Amino acid sequence: MKFKLKYVLFTSLIVWSGSGFSQAMVELTLKDAQDYAVKNAFAVKSTGYDALEAKLQSDALLGTGLPQISGSLQYNNYINIPTQLVPAQFFGGAPGEYAPVRFGVPQNVTAGLSASQLLFSGTWLVGLQASKAYASLQEKNVSKSQIDIKNNVSQTYYVALISQKNASLLKESREIISKSLGDTQQLLVNGFVEEQDVEQLQLSLTDLDIKISNADQQVGLTMDMLKFSMGMPLETQVVLKEDAEAMVAENSLELLNSAAILESNIDVLVVQDAMKMQELNLKAERSKLLPTASAFYNLQAQAQRQKFDFFDTSKPWFPIQLWGVQISVPIFSGMSNSKKIEIAKVQLQKSQDVVNLTRQSKQLEYNSARSAYRYAFENYNSSKSSMELSNRILDKTRIKYKEGMASSFEVAQLQGQALTAQGQYIGAMINLLNAKTAMLKILNQL
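If you're wondering where the values come from, they're calculated on a predicted model, not measured in any experiment.

Draft legend 1. Examining the pattern of salt bridges more closely. Throughout the structure, instances matching the rule amount to 23 salt bridges. A salt bridge links K140 to D273; the shortest N-O distance between them is 3.1 Å. Here D273 lies in helix α7 (residues 266-287) and K140 lies in helix α4 (residues 122-189), a separation of 133 residues in the sequence. On the accessibility criterion, D273 (6% relative accessible area) is buried. K402 is the salt-bridge partner of D183, the closest N and O atoms lying 3.7 Å from each other. With D183 in helix α4 and K402 in helix α8 (residues 336-402), this pair connects stretches of sequence that are 219 residues apart. Judged by relative accessible area, K402 falls into the exposed class, the value being 52%. What you see here is one network of salt bridges that share partners, running through K144, D148, D267, K362, E365 and K441.

Right under this line is the structure:
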């Protein structure tokens, strides 16, 4: 029975461990990575908290303009009843003399209810508008952070993907050189080549092993950078589902025909909302010159006893009621209000200049992105052709080498040339994908 129980527990542990491992393995397309980052990246969540806080502040400010009602209960037990001095002649005494008299009873309870309502306040009305505008600004900041994180994830995803492609190409080159080394060693045994030829290939193979080791480390590092930018736990096992060649092949110069609508660009929208905030700030300073009006109502009931018998309903409670209206009119503030209005005007002008500058900078960014994309597209095609050409030359030279028509030095030189062309091709792939991302971002298509 004990053996059976141990077997069940052991089996369950294996199943649970396998299930946990499979759950930690995640396959990601670029869109999957962007969607995950939008929900989990720290920067996006932080701006989301700011937006929620701004909305709650707006709701709280709205509540201050609604009726305010409060209740109160006060109990007083006079150990010594207050003493008042009154003219002694009221009690038959001599004129000019005062007699100490105690008024009141030792036990007192006062229960009250008060209510107030703001009737008019220019500052409150403008403040309410400003709080809603601020909440709208924070919502746009959320959208901006989502676009930014998609852009960052795209770039990191491309680097991770191309790093894997680079490592794969290097390993393919190693297999070819390794096979050449084996063939050359056999030719050495048969006396057709010199030992230097073998040593040259061994040197090339060692150099390539170093490059492969560095490439593998880069793959691990870039994968961690991707997970970090997404807000994903670093221990998660991730597999990239996209194909680097296919993603690059999707690029076309037709993207250059897309026009940027700068007025809908998120950065322009953010600074426009910031300008609206400054407009409301100027309006708020001017509203401080307006009067403020509010109404109030108070109801109290008071009980006075010689002893603590306030729960005796047969004894009286004495009511007190009043209501009124309070109006506050600013008359003179030492010129501080007028100066604050002037300051608000300057701040508004600065904000308007920021909007104009942002529009121009986004136009410049669009022009730069188009130029960079065109260059990256052409450079990629050129680098790809150069790599393919260098590989063909290398293959032909290897054939000549086997036939005794080329030296090992020529082969080694062309192998280095092919690796250089391969590195340029890898760099061109990354540059093209990043240039496309920059275009999509300025076109609001991320």
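Draft legend 2. Looking closely at the sheet that holds strand β7 (residues 292-305). Spatial strand order, β2-β5-β7-β8: 4 strands in an open sheet with antiparallel pairing. Two strands lie at the open edges of the sheet, namely β2 (68-77) and β8 (318-328), each paired on one side alone. Neighbouring strand axes in the sheet, compared pairwise and without regard to direction, differ in orientation by 15 degrees on average. Pairing of strand β5 (residues 107-121) with β7, which is carried by 14 bridges, proceeds in the antiparallel orientation. Note on β7: the bridge partner recorded for T110 is Q302.

Draft legend 3. Representation of helix α3 (residues 42-64). The terminal C-alpha atoms of α3, which comprises 23 residues, lie 33 Å apart, in line with the 33 Å expected from a rise of 1.5 Å per residue. All of the buried residues along α3 are V44, T47, A51, A54 and S58. Residues of α3 that are buried in the fold lie against α2 (30-40) and α4.

Calculation criteria
Residues numbered from 1 in each chain as written. Predicted model: local features only at pLDDT ≥ 70, side-chain atom pairs only at ≥ 80, totals over all residues. Heavy atoms only, no water. Salt bridge = Lys/Arg side-chain N within 4 Å of Asp/Glu carboxyl O. Helix = DSSP H or I, 4+ residues; strand = E, 2+ residues; numbered from the N terminus. Buried < 20%, exposed > 50% of the residue type's maximum accessible area, 1.4 Å probe, protein only. Pairing = 2+ DSSP bridges. Axes fitted to C-alpha atoms, helices over the stretch in contact; angles between N-to-C directions. Expected span 1.5 Å × (residues − 1). Contact = heavy atoms within 4.5 Å.

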